[in-house]
Amino acid sequence: MAIHKGRGISAIEYPTGMNQNGDPSQAWIKMKPDGRVDVFSGTADIGNGSKTIQSQIVADTLGVPYDWVTYDNSNTDSSPVCTGTFASRATFVAGMAVKKAAENARTKLLEIAGKELEIDPADLEVADGEVVAKGAPQKKISVADVAVAATWTHGELITGTGAHLNPYAPIVDSETGRVELPPHAAISYAACAAEVEVDDETGNVRVTRLVQCFDVGTAINPTLVEGQIEGGAVQGLGLGVLENCYPYYPSVEHRGGQFGSYLAPGMEDLPQVDTIIIENPSAGGPYGAKGIGEMANNPQPPAIAAAVYDAIGVWVTELPITPERVLRALEAKAEPRREGKVVIFDEELSVNSVSNGGMRFEVPA
Amino acid sequence: MRLTVNGIERGIESAPLTPLLYVLREELGITSPKAGCQQGGCGACTVLVDGEARRACLLAVAAVDGAEITTVEGLGAPEALSAIQTAFHEHYAAQCGFCTSGMLIAAHAYLEHGGSGERESIQETLSGHVCRCTGYVKIIDAVAAAAGGEITSRQKWLPQTGEESPVEVPGAPA
Ligand code: FES
Ligand code: FES
């Protein structure tokens, strides 16, 4: 009886920005007379940071400080349509909508600034709350002054709307028989390495380290991306070794009926979590961003399964890798013969007994 | 019954066996303690009762008659955050925020009781608080920072931009 250490790796890819139509986001922006900006978008922030990230996108695109931006997403009377926060789309799709809205508002801003400075708007640029003539930085006007002039001199409102809908990609074009567009606008990639300790007496699997590497496109807010990946690590750990809504599916008899009977990772289950962010910008997302929300908990379970194999030499092919499954797998490995047949896949045991590096067990003579 | 809640004395009308959580949320309109599991398992309802972190969902209000209750509203104000609130803010220790009130209260009590800030002791103290979003990493960082301890729950690489070299980590890609 001993503790066995093992390491495993996994690699995954994950699509964001569905090109299947029916997935629009819209946004509108107005500038108040003091240059402060109100953004209306339908994306709910469920803790993923979309409020922060979309405000950053607006601030950068419009050339105003971040704290000038107020983001209103809680009001279905004033916010335009957004299909929602799901499918890793809040930054990728809704972020494009607010970016386009900000671009349109910027066009209007420069038009008014051009009138004030008597310069062609094409020769103006805006950054840090100031509109400046290209190549003649002494010719400038603050965004707040432009907003005042728009309101009281020109009788205009600096505003912009934007919408984003990925182009429709039929699975197969009925006329040409070809696939013209990929069904998704961007693919994110991730890899994970897991270190585990498996107790061959109790069957318990302890995950001691997760190193995860995510290609996120552009990290618009690196700390928030890191938070998503760290959160995903612990959810992935839960899916890998603890969490199960229906432990004996398709029988639903043993489902957890309440909070206390559902195992989710607690703080003491936390392994060392190392996060590597790789920036590999996408063509279709705002400033090259990709969506990683949902994929964040995908690479850990296979890496943990591989680490368990490395530790004890058996593949447990069903999640979560519970002590019961580990012990049954070890038992099947020790005694591959059951009722006179070679066990290839034993449904009753719910584990794949083809271990030994994928070799079939030899039937003893 | 009477309670002193965040420094203000309040008369309580609820029935004596009403859980403190509902008295706070429904009778007094103080919504920072969250009703997560309502069976003592998640920690989202945690408040300070006479300085101790307790689960408000499991406490009948009659059992704490006369006590001093502190919720997150009483820890600090937006313009004057407490030490633990500042640390959570600086370390991005909240995502959806549902667990955050309970975490803050428990962490505040941990600091008040002279918690060392070592990772293991933080994990032990906060182990009954479930968070589904953050993976706990930044919460532990925040509590460690507030306690003046070292941040050891992770090693981290920053996105590699321009000349910046990543933090040295054994076995990390060059
Ligand atoms: S609501 Fe009280 S512990 Fe979960
Ligand atoms: S931040 Fe969402 S549960 Fe902790």
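Residues numbered from 1 in each chain as written. Chains lettered and ligands numbered in written order. Predicted model: local features only at pLDDT ≥ 70, side-chain atom pairs only at ≥ 80, totals over all residues. Heavy atoms only, no water.

### Some points on the confidence of the model for chain B
All names here are of chain B. Going by this rule: A score between 0 and 100, pLDDT records how confident the predictor is in each residue. Residue contacts are counted whenever heavy atoms from the two residues lie within 4.5 Å of one another.
Averaged over every residue, the pLDDT of chain B is 88; residues scoring 70 or more account for 85%. Low pLDDT, under 50, characterises residues 152-174; the predicted model gives this stretch 43 contacts beyond four residues in sequence or across chains. Note on the complex model: pTM 0.87, ipTM 0.85.

### Observations concerning unusual backbone geometry
All names here are of chain A. The criterion, for reference: Elements are defined by DSSP. Helices are runs of H or I of four residues or more, strands are runs of E of two residues or more, and each kind is numbered from the N terminus. Throughout this description, buried means an accessible area under 20% of the type-specific maximum (1.4 Å probe, protein chains only), exposed means over 50%, and partly exposed covers the range between.
At the junction of L319 and P320, the peptide bond is cis and its omega measures out at -5° in the coordinates. Take P320: it is sitting in the loop between α5 (300-312) and α6 (323-334). In the Ramachandran plot, A87 falls in the positive-phi region, its phi being about 50° despite a non-glycine side chain. Inspection of the secondary structure puts A87 in the loop between β4 (69-72) and α2 (90-117). In this structure A87 comes out as buried when scored by relative accessible area, which is 19%. Positive phi, close to 55°, is recorded for E118, a residue that is not glycine.

### Focus on the packing of aromatic side chains
All names here are of chain A. Put simply, the rule reads: Classification of ring pairs rests on two measures: the distance between centres of Phe, Tyr or Trp rings, Trp counted by its six-membered ring, which must be within 6.5 Å, and the angle between planes, read as stacked under 30 degrees, edge-to-face over 60 and tilted in between. Only when the NZ of Lys or the CZ of Arg is both within 6 Å of the ring centre and within 35 degrees of the ring normal is a charge said to sit over the ring.
Evaluated as defined, the whole model comprises two aromatic pairs over all chains. Plain terms: the ring middles of W28 and F40 are 4.6 Å apart, the flat faces sit at 15° to each other, and that makes the pair stacked. Pair noted here: W28 is in strand β2 (residues 25-31) and F40 is in strand β3 (residues 37-41), with a separation of 12 residues, a long-range link. By relative accessible area, which is 27% here, W28 ends up partly exposed. Ring geometry for Y309 and W315: centres 4.4 Å apart, planes at 5°, overall stacked. The cationic tip of K99 hangs over the ring face of Y287; the distance from NZ or CZ to the ring centre is 5.0 Å.

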